[in-house]
Amino acid sequence: MASHEVITAIEAEIQSQRAGRWRRLTTEELHQQSPHAFDSGWRVEVAEGEIRPAGVDHFLVVIDAAFPNSQPRILAPGMGSDFRWPHVEPKGLLCLRPTSVAAPAADRIRLHLGDALELLNYPEHKCSAEFEREFGAYWAQQATRSQDSLRVVSLVKPGGKSRQVFFHLDNRLSRLVVADTKAEVKVWLNSAGSPIGDRDLLPGLLVRLKKPWAPAEFPKTVGDTVKGLPEDAVRATLLPGRRSLFLFEATTVTGPVFAAVLAAGAKSDKIKNGFRSWNQVPLEHIKRAMAQQRVERVVVSRVDAPWIHGRGHSTEQAPLQACKVAVIGCGSVGSEVAELLAKAGVGELSLVDSDDLMSANVGRHLLGISYLGWNKAKGVATELRRRLPHLKIGSTFTSKFERLQPAELDRLAGMDVIVTAGLDIEGEAAVNAWRQTLAHPPAYLSTWVEAYALVGHAVLLFGKDDLMTRFDGERPAFRLTDWPSGTGGLIVEAGCGNVFQPHGAVDLQTSIAMAAKLALDALLGRVPMSCRRVWFGDREAVVAHGGFAREGFTEVNAMRQFSW
């Protein structure tokens, strides 16, 4: 509850502005303002002609129990709940710019009252511009069907012309997926684990609006929806016995926005009324019969790559979507690098690994216990497809790189970047040697960590630059730690001959992020020359674990780039 001093300051401010024209609200009046639970409030009179909209004779200034660590709110009950004015929500709650919680309470009330008066005196053109700018928000507020009961997801590419689109309505999952082509819908759903056939797809209509609608223009009936639309497109969309989808695209000052309307299927027998087939029924007859039928306004969630990876504003998305990356080694480092690249917007990933996920891997691997026993490459491909159904998985090879066939190697040769992650020396040497045989080898990023993940390496090579020239035997000459036998650099797994490096998921994260960032920099042309990046972790921890820090280990908790 606001302190006595805060209440006094607010009332002094209101008195200074509206002397004798305000009063404190009763507890009963405050409770009438639900669903917002307000703690204190005041009725402030508004003089006739002081604001443009008619019928508003007072404001309610209210604060909740968290104030001053929350925003004061102002309601204009006379504005009602019909969205006739921008930034006025149901019950006349005004959506105003926030004030600083560090500012004096009186100043904040003064600013809010001033903003309320400014908002309700917007000229007509300003009101129209605000409705257009926030078209998506108003559509969401006036949706007649909640996203909980039906989620519409769109892969449709923004910016084109009005056209036919295709959709699949899955009532079991309360989900409608729409895209420009049948193939796009099918691929997305197949990746998401819900494969469908052509018979499960229906035509819909995408309509580009000349300008965003104001709330008063939102369609309520089939008649409102199809008014002015091309007859052929309407006929192809208003199908008998099936839902009809009208997708609308509006261009706002901040980008394209989609909205959708669903109409229940036309009642074929009643509308046909003597015609032998639906196609013979005149369109005007269909439209007239359905004109008063109510439609459902639904919110559209964009799931196309430019939106998923940058809310439509990232200039990197187009080039990244065209990129192909292969990750060889899908263990605790490679699986996480693959996930970061997928999240960053790389269009196509290929994955190579012969190992299966064991219980000892789960604690530091992308895949959880439900993938126990799965091949790691296959598991990572499945999981990434499930999370990002628009991602293309090019190839999944479940054998060691050294055993890939020529045709399989040819597919890897077409990548933009080959990432090797935590490979053993045989695998790394094989990848390095194979690249030397290619006329135009893809960029090659090799990443690994030293014991306890106290040091991480990411080496990026272009052309035929050779990784092994910088190796001292089977170990990189630029390593930063040494681990004499018995000091814990490698630990033997209980009850078998396997050995592993002692580190956890958190220890790995900095090196993983460093490698993924270097791969992106390579794809986007930010690093034109071969180089290597190094994560310098905790030098003292090397000694504490029984190892030796080499002379080059000169920094702590720092990442540095070196020329190759």
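To start, this report covers the structure provided alongside it. Here the structure is a predicted model, which is why all the values come from computation and not from measurement.

Right, let's talk about the side chain of S70 for a bit. On the secondary structure map, S70 appears in the loop between β3 (58-63) and β4 (73-75). Looking at S70, the relative accessible area reads 14%, which means it is buried. Within the structure, S70 has its side chain in polar contact with the side chain of D64 (distance 2.6 Å). Beyond its immediate sequence surroundings of up to four residues, S70 is in contact with D64, V101 and R108.

Two elements in contact, helix α13 (residues 334-344) and helix α17 (residues 505-523), have axes whose closest approach is 9 Å; the angle formed by their N-to-C orientations is 45 degrees. By the angle between their directions, the pair α13 and α17 is classed as oblique. In this structure, the crossing between α13 and α17 has a hand that is right-handed. From α13, E336, V337, L340, L341 and A344 reach across to α17, where they touch I512, A513, A515, A516, A519 and L520.

Let's shift gears to the layout of surface pockets. One way to see where empty space is left: roll a probe the size of a water molecule over the atoms. Here the second largest pocket is characterised by a volume of approximately 450 Å³. Broken down by secondary-structure element, the contributors of at least two residues to the lining of the second largest pocket are α6 (182-191), α11 (305-308) and β16 (392-397). The element best represented in the lining of the second largest pocket is α6, accounting for 4 residues. Considering only residue class, the lining of the second largest pocket consists of 10 nonpolar, 4 polar and 7 charged.

Now for the sheet that holds strand β9 (residues 175-179). Ordered by their spatial adjacency, 7 strands build a closed barrel running β7-β9-β8-β10-β11-β12-β13, and the pairing between neighbours is mixed. With direction set aside, neighbouring strand axes in the sheet form an average angle of 30 degrees. Relative to strand β13 (residues 296-302), strand β7 (residues 151-154) is paired through 3 bridges, and the arrangement is parallel. Each bridged residue has a counterpart across the sheet, and for S154 the counterpart in β13 is R302. Most of the contacts of α6 go to β9, to which it runs at about 135 degrees, and overall it touches β7, β8 (163-170) and β9.

Once that is clear, we can look at the pairing of strand β25 (residues 531-536). Remark: a regular strand shows side chains that alternate across the two faces of the sheet. Among the 6 residues in β25, 6 count as buried, and that is most of the element. Here strand β19 (residues 455-461) pairs with β25 via 6 bridges, running antiparallel. Looking at β25, one finds that L460 is bridged to C531. Of the strand pairs in this sheet, β25 and strand β27 (residues 558-563) are connected by 6 bridges, and their pairing is antiparallel.

Residues V325, L341, L349, L351 and L445 are the most contacted members of the largest nonpolar core, which totals 47 residues. By residue number, the principal contributor to this core is α17, which donates 10 residues. Ignoring any residue separated from it by four or fewer positions in sequence, one finds V325 in contact with L341, V346, E348, L349, S350, M415, V417, V419 and L523. Core analysis: the second largest hydrophobic core is formed by 30 residues, V226, F248, A250 and V261 among them.

Further remarks concern the packing of aromatic side chains. Inspection of every chain in the model, using the stated rule, returns 15 aromatic pairs. Measuring from centroid to centroid gives 6.1 Å for W448 and F478, while their planes differ by 40 degrees, and the two rings are tilted. Pair noted here: W448 is in strand β18 (residues 443-449) and F478 is in the loop between β21 (475-476) and β22 (481-482), with a separation of 30 residues, a long-range link. Judged by relative accessible area, F478 falls into the buried class, the value being 8%. Where F478 meets W564, the ring centres are 6.0 Å apart and the plane angle is 80 degrees; that geometry is what we call edge-to-face. Taken as a pair, F478 in the loop between β21 and β22 and W564 in the segment after β27 lie far apart in primary sequence, 86 residues in all.

It is worth spelling out the environment of P195 at this point. Among the secondary structure elements, P195 is positioned in the loop between α6 and β10 (202-208). Relative accessible area serves as the criterion here: at 58%, P195 is assigned to the exposed category. Along the sequence, P195 and E316 sit 121 residues apart, while their C-alpha atoms lie 31 Å from each other. When sequence neighbours within four positions are dropped, the list of residues in contact with P195 reads L189 and N190.

Within the open sheet, the 8 strands sit side by side as β16-β15-β14-β17-β18-β19-β25-β27. Their pairing is mixed. Of all strands in the sheet, those with a lone pairing partner are β16 and β27, marking the two edges. Direction aside, neighbouring strands of the sheet carry axes that sit 15 degrees apart on average. Sitting on the sheet, helix α14 (residues 376-387) is in contact with β15 (348-352) and β16, with an inclination near 165 degrees to β16.

Counting buried positions over the 7 residues of β10 gives 6, a clear majority of the element. Looking at chain direction, β8 and β10 are connected through 5 bridges and run antiparallel. If you follow V165 over to β10, its bridge partner there is G204. Here β10 runs beside strand β11 (residues 244-252); their pairing, made up of 4 bridges, is parallel. Paired with V207 across the two strands is F248, which belongs to β11.

Once that is clear, we can look at the pattern of salt bridges. Overall, the coordinates contain 34 salt bridges when judged by the stated rule. Here R110 and E13 are joined by a salt bridge, their closest N and O atoms 3.2 Å apart. Placement of R110 in helix α3 (residues 105-119) and of E13 in helix α1 (residues 4-17) is noted, with a sequence separation of 97 residues between them. Across the pair E296 and R243 runs a salt bridge whose closest N-O atoms are separated by 3.5 Å. Here the residue E296 occupies a position in strand β13, and R243 occupies one in the loop between α8 (231-237) and β11, the gap between them amounting to 53 residues. Of the residues examined, R243 reaches a relative accessible area of 26% and is grouped as partly exposed. A cluster of three or more residues bridged by salt bridges with shared partners is formed by E316, K517, D521, R526 and R533.

Our focus in this paragraph is the packing of α1 against α3. Relative orientation of the contacting elements α1 and α3 amounts to 40 degrees, with a least axis distance of 8 Å. Relative to α3, the element α1 is oriented oblique. Our pair here, α1 against α3, has a crossing hand that is right-handed. Contacts between α1 and α3 involve V6, A9, I10, E13, I14 and Q17 from the first element and A105, A106, I109, R110 and L113 from the second. When grouped by side-chain class, the residues that make up the contact of α1 with α3 number 8 nonpolar, 1 polar and 2 charged.

Rules behind the numbers
Residues numbered from 1 in each chain as written. Predicted model: local features only at pLDDT ≥ 70, side-chain atom pairs only at ≥ 80, totals over all residues. Heavy atoms only, no water. Helix = DSSP H or I, 4+ residues; strand = E, 2+ residues; numbered from the N terminus. Buried < 20%, exposed > 50% of the residue type's maximum accessible area, 1.4 Å probe, protein only. Polar contact = N/O pair within 3.5 Å; in protein donor to acceptor, adjacent residues only side chain to side chain. Contact = heavy atoms within 4.5 Å. Axes fitted to C-alpha atoms, helices over the stretch in contact; angles between N-to-C directions. Parallel < 35°, antiparallel > 145°, perpendicular 65-115°, else oblique. Left-handed = near helix turned anticlockwise from the far one by under 90°. 1 Å grid on protein atoms, 1.4 Å probe; cavity = no way out; pocket = protein on both sides within 12 Å on 5 of 7 lines; lining within 4 Å. Points joined across faces, edges and corners; volume = space filled by probe spheres on them. Nonpolar A, V, L, I, M, F, W, Y, C, P; charged D, E, K, R; others polar. Pairing = 2+ DSSP bridges. Core = buried A, V, L, I, M, F, W, Y, C linked by side-chain atoms within 4.5 Å. Phe/Tyr/Trp six-rings, centres within 6.5 Å; stacked < 30°, edge-to-face > 60°. Salt bridge = Lys/Arg side-chain N within 4 Å of Asp/Glu carboxyl O.

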